[in-house]
Amino acid sequence: MPTSFLGSALRGTFFFTFGLWWSVRYPLKYLRRKANAESQPSYGVQRVEVFEGAVKAFFALAGILVEQFVPAGPHLQLHNAKTHSWADLTHWHYTTMYLFFLLSGIVDVVSHSLLKLPLGLDRLLLSVALFIEGLLFCFRDYSDAALDHHLHSLLAMAIFAGALCALLEVFLRDHIILETFRTSSFLLQGSWLWQIGFVLSPPWGGPGWDQTDRSNFTFLTMCFCWHYAGALAVLAANSAASRCCNESCHLKFEDIDVELDCGMCIRKGNKSSSGALLPESTSDDK
């Protein structure tokens, strides 16, 4: 199964974008939940979940259409009757992967809509989508491309780590450690897909890296660890920025919140006092 640079880069951008968004969103959600005693999900949080699901479903559907209807795509044809052989299974491989992310996005939207599906079903479908992705990469046809196999084996580690986190979140909802680890796995998966594109199909043309040079295996394994270190650095930077933003916004609007709270108390006091001063209707008034 040949790997194109553009396809690998687009898939990497999808995962890295979600990882970046979560690296800002989850720390902010944790800080605000920590500041407020109430832990009930607000309407704004539900709208964000619906938006995330819609974006996920849109990009997954776009990926399916691109894989199937590019000029060299199978155009929904799985078996070639003339040659009595399977059609190009590379496109079907990625179509299957996108299909489960499409289902995950749809469940995200429906879970936080008026239907009110069981809590945790969205994380369960995300875990299933990631497990399917890892399964497809583990058992794809690498032929004699040993370096290709090694690169995707490392990728599968990041995929299954994210799948395990999403599965645990079914039972441990809004757990900041699990959310952070899942975010780091998405960042790692996204950046590593870009690395795979540069190694196997360089954008400047020419052949990829030597598939038989064992030193490439050693270097790329170290490179995978560096990618994860970079993902942790991005997480730390965005978490620190989220904390600073949260504190600055709190200080900026603290006086306004106090005035609003006082105003609400004054209004409630006026209503109660005015209600107490109203004359009671008795039978003498009739």
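Structure's up top.
Cut-offs used in this document
- Residues numbered from 1 in each chain as written.
- Predicted model: local features only at pLDDT ≥ 70, side-chain atom pairs only at ≥ 80, totals over all residues.
- Heavy atoms only, no water.
- Helix = DSSP H or I, 4+ residues; strand = E, 2+ residues; numbered from the N terminus.
- Buried < 20%, exposed > 50% of the residue type's maximum accessible area, 1.4 Å probe, protein only.
- Contact = heavy atoms within 4.5 Å.
- Areas by Shrake-Rupley, 256 points an atom, 1.4 Å probe, with all protein chains shown as cover.
- Polar contact = N/O pair within 3.5 Å; in protein donor to acceptor, adjacent residues only side chain to side chain.
- Salt bridge = Lys/Arg side-chain N within 4 Å of Asp/Glu carboxyl O.
- Axes fitted to C-alpha atoms, helices over the stretch in contact; angles between N-to-C directions.
- Parallel < 35°, antiparallel > 145°, perpendicular 65-115°, else oblique.
- Left-handed = near helix turned anticlockwise from the far one by under 90°.
- Phe/Tyr/Trp six-rings, centres within 6.5 Å; stacked < 30°, edge-to-face > 60°.
- Lys NZ or Arg CZ within 6 Å of the ring centre and 35° of its normal.

A. The overall build of the protein, seen in detail. When helices and strands are counted, the protein shows 7 helices and 2 strands. For the protein, the proportion of its 286 residues judged to be buried stands at 38%. Here the analysis covers contacts within the protein between residues at least 6 apart in sequence; of these, 75% occur between residues at least 24 apart. Working note: accessible area of the protein is about 16700 Å², and carbon and sulfur atoms make up 69% of it.

B. Structural view of the environment of Tyr142. Of note, Tyr142 is situated in the loop between helix 4 (121-138) and helix 5 (146-169). Taking the C-alpha atoms as reference, Tyr142 lies 9.7 Å from His152; in sequence the two are 10 residues apart. Setting aside residues no more than four positions away along its own chain, Tyr142 makes contact with Phe137, Asp148, His149 and His152. A polar contact is formed between the side chain of Tyr142 and the backbone oxygen of Phe137, at a distance of 2.4 Å.

C. Region of interest: the side chain of Ser104. If you trace the backbone, Ser104 turns up in helix 3 (residues 89-111). Polar side-chain contacts of Ser104 include one of 3.0 Å to the side chain of Lys56. Each residue touching Ser104, except ones within four places of it in the same chain, is listed here: Lys56, Asp122, Leu125, Leu126 and Ala129.

D. Highlighting the pattern of salt bridges. Scanning the model with the defined rule gives 11 salt bridges in all. Note that Arg123 and Glu49 form a salt bridge whose closest N and O atoms lie 3.8 Å from each other. Taken together, the residues Arg123 in helix 4 and Glu49 in helix 2 (residues 43-69) connect sequence positions 74 residues apart. Like Arg123, the residue Glu49 is buried in the burial classification. Between Asp122 and Arg173 there is a salt bridge, and its shortest N-O distance comes to 2.9 Å.

E. Examining the packing of helix 5 against helix 6 (residues 176-200) more closely. One way to put it is that helix 5 packs onto helix 6 with a least axis distance of 9 Å and a crossing angle of 160°. Classified by the angle between their axes, helix 5 and helix 6 sit roughly antiparallel to one another. Crossing of helix 5 over helix 6 shows left-handed handedness.

F. Highlighting the packing of aromatic side chains. Under the defined criterion, the tally for this structure stands at 19 aromatic pairs. Three or more aromatic residues joined by ring pairs make a cluster, and in this case those are Phe14, Phe15, Phe18, Trp22, Tyr26, Phe58, Phe59, Phe101 and Phe186. Sitting over the ring of Tyr94, Arg11 keeps its end group 3.6 Å from the ring centre. Its guanidinium or amino end placed over the ring of Trp22, Arg182 lies 4.5 Å from that ring's centre, counting from NZ or CZ.

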